[in-house]
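Each chain, written out:
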Amino acid sequence: MTLSTWRQRGQTLHWRDFSIFYRDSAADAPSALRKPVLLLIHGFPTSSLDFEPVWPRLAEQFRLVAFDMLGYGCSDKPARWQYSIAQQADIAEALMVHLDIGRVRLITHDVGDTVGQELLARFNAGQLGFHMEQLVLLNGGLFPETHRALPIQRLLLSPVGPLLSRFTNYRKFRESLRNVCSEGLQEKDIEDAWAQMTLNDGHRRFHQLIRYIQERRDNRSRWVGALQQARCPLAVIDGVEDPISGGHMVDRFEELVPGHPTVRLAGLGHYPHLENPQRFIEALASVLPQPNGL
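Counting starts from 1 at the beginning of each chain's written sequence and moves along it residue by residue. Given that the model is predicted, a residue must reach a pLDDT of at least 70 before its local features are reported, and side-chain atom pairs must reach 80 or more before they are shown or counted; all residues, however, enter totals for whole chains, interfaces and linings. As a rule here, side-chain values cover all heavy atoms of the structure and leave hydrogens and water aside.

**Q** What's the story with the overall build of the protein chain in this structure? I'm lost.
**A** Note on conventions: DSSP H or I runs of at least 4 residues are helices, E runs of at least 2 residues are strands, and numbering of each starts at the N terminus. Assigned secondary structure in the protein chain consists of 15 helices and eight strands. For the protein chain, whose C-alpha radius of gyration is 17 Å, the value lies close to the compact-globule estimate of 19 Å for 294 residues. When accessible area is computed with a 1.4 Å probe and restricted to protein chains, residues below 20% of their type maximum are described as buried, those above 50% as exposed, and intermediate ones as partly exposed. Out of the 294 residues belonging to the protein chain, those deemed buried represent 57%. Within the protein chain, residue pairs in contact and separated by at least 24 positions form 77% of the contacts whose partners lie at least 6 positions apart. Note on areas: Shrake-Rupley, 1.4 Å probe, and residue coverage restricted to the protein chains presented here. When the accessible area of the protein chain is evaluated, it comes to approximately 11700 Å², of which 48% is carbon and sulfur surface. Each radius of gyration reported is based on C-alpha atoms, and the globular scaling rule is 2.2 Å times the count of residues to the power 0.38. Only heavy atoms enter the contact rule, under which two residues are in contact if any of them lie within 4.5 Å.

**Q** Is there a simple way to think about the environment of isoleucine 101 in this case?
**A** As for its position among the elements, isoleucine 101 is in the loop between α4 (85-98) and β5 (103-108). Judged by its relative accessible area of 6%, isoleucine 101 falls in the buried class. Along the primary structure isoleucine 101 and glutamine 134 are separated by 33 residues, whereas in three dimensions their C-alpha atoms are 15 Å apart. Discounting chain neighbours no more than four positions away, the residues touching isoleucine 101 are Val37, Arg63, Val65, Met96 and Phe130.

**Q** Could you clarify how one ought to interpret empty space enclosed by the protein in this entry?
**A** Any empty space left between atoms is shown by rolling a water-sized probe over those atoms. A cavity, in this analysis, means grid points on a 1 Å lattice covering only the protein atoms where a 1.4 Å probe fits yet has no way out; a pocket is instead an open set bounded by protein on both sides within 12 Å along at least five of seven lines, and a residue lines either one if it has an atom within 4 Å of a point. Grid points are joined across faces, edges and corners, and a volume is the space filled by probe spheres set on the points. A complete count under the given rule lists three cavities of 30 Å³ or more for this structure. If you add up the space inside the largest cavity, you get close to 250 Å³. In this structure, the largest cavity is lined by 18 residues; those nearest its centre are Phe44, Pro45, Leu150, Ile152 and Ser176. Of all the elements in the fold, those that place two or more residues in the lining of the largest cavity are α6 (151-157) and α8 (170-180). At five residues, α8 tops the list of elements feeding residues into the lining of the largest cavity.

**Q** Just to check I follow, could you spell out the pattern of salt bridges for this structure?
**A** Note that side chains of opposite charge can pair when their charged atoms are close. Between Lys or Arg on one side and Asp or Glu on the other, a salt bridge is scored when a side-chain nitrogen of the former is within 4 Å of a carboxyl oxygen of the latter. Under the counting rule described, the total for this entry stands at 17 salt bridges. Close ionic contact of glutamate 133 with arginine 105 constitutes a salt bridge, the shortest N to O distance being 3.9 Å. Residue glutamate 133 is found in strand β6 (residues 131-137), and its partner arginine 105 is found in strand β5; the two are separated by 28 residues along the sequence. Take glutamate 133: its relative accessible area is 22%, and that puts it in the partly exposed class. Among the salt bridges present, the one from arginine 264 reaches aspartate 251, with a minimum N-O distance of 2.8 Å. With arginine 264 in strand β8 (residues 262-265) and aspartate 251 in helix α13 (residues 247-256), this pair connects stretches of sequence that are 13 residues apart. Taken together, the shared-partner salt bridges in this structure form one network comprising Asp90, Glu93, Glu118, Arg122 and Arg222.

**Q** Explain the side chain of arginine 122 to me, please; I cannot follow it from the model alone.
**A** As for its placement among the helices and strands, arginine 122 is situated in helix α5 (residues 111-124). Once residues within four sequence positions are removed from consideration, arginine 122 is found in contact with Ala86, Ala89, Asp90, Glu93, Gln127, Leu128 and Arg222.

**Q** Would you mind showing me how to read the layout of surface pockets here?
**A** Its boundaries defined by the atoms lining it, the largest pocket holds a volume of some 170 Å³. Lining the largest pocket are 17 residues; nearest its centre among them are Leu49, Asp50, Asp189, Asp192 and Leu274. Sorting elements by how many residues they give to the lining of the largest pocket places helix α9 (residues 187-198) first, with four residues. For the lining of the largest pocket, the class distribution of residues is nine nonpolar, three polar and five charged. For this classification, Asp, Glu, Lys and Arg are treated as charged, while Ala, Val, Leu, Ile, Met, Phe, Trp, Tyr, Cys and Pro are nonpolar and the rest, including Gly, are polar.

**Q** What am I meant to see in α13 here?
**A** Along an α-helix, residues three or four apart share an orientation, since each turn contains 3.6 residues. All of the buried residues along α13 are Gly247, His248, Met249, Val250 and Phe253. Buried residues belonging to α13 abut β7 (234-239) and β8.

**Q** Is there a simple way to explain the packing of α4 against α5 in this structure?
**A** When two helices pack together, their arrangement is given by the angle between their axes and by how far apart the axes lie. Axes, fitted as lines to C-alpha atoms, cover a helix only where it is in contact. Angles between the N-to-C directions of the axes lie from 0 to 180 degrees. Following both chains from N to C, one finds α4 and α5 inclined at 70 degrees, their axes separated by 9 Å at the closest point. One finds that α4 runs roughly perpendicular with respect to α5. Contact with α4, carried on its side by Ile85, Ala86, Gln88, Ala89, Asp90, Ala92 and Glu93, involves Val111, Thr114, Val115, Glu118, Leu119 and Arg122 of α5 and no other residues of that element. Partitioned by chemical class, the residues of the contact of α4 with α5 number seven nonpolar, two polar and four charged. Any angle that falls under 35 degrees is termed roughly parallel, while one over 145 is termed roughly antiparallel, one within 65 to 115 roughly perpendicular, and all others oblique.

Below, the structure written as structure tokens:
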């Protein structure tokens, strides 16, 4: 599916004064309304388009819902806004209400993991607007102490962050992705990701969006505690060669949150679902109950 087709098949959720882009496989195939729901939450700095390579296979068995978080992809990207994980979780809840969805399995990646942890904390406390059936976490900073931020991420968090955002370009973005991914990452995926990011000057918001790294530190007790006190099944699928949140993150998960399945994908990096969609589907099939198998 081309980038233009992905955008054309999207719909809009109105949240506060903003437009949020989302995809719902039931809009393409009404029969999906009878299938169990997977909510897919993307990472920084990309968009829901990350799930396009695995969308057709997953849609065979599930109703798929994915959205671009505020500040990302085709959603609005306000310049004067204090972006937060809690707001992104609020948007996820609002989307489920909008679609009248009451039971959900989640697949989350990168900062999407953190949104998933906030949703899980609400679910554990009986304060979530839908029933969380399972949370599958991909490469991400589940634990602040194991998150190895890239130099450019640390700079974006620093006082020079606004200036750095102004001078972000495709070459630097491509280099950053290549440094955290395997050779399986396709050039087209990088180009499409850049097109999504630069839409409406989204790359000028990087220094604002990346504040989630500090939020993870400030809310470690709540979000790590959510995993340890989870009232739904958890699983981790991880490209272990990822220098940011690879095998070392899985080690910490198994230490602090034992008893949940983990799948280590050797030879893959930060975006396993983009780098090798088939291996990712196979890994997912091993941890995610499917009606008729993937």
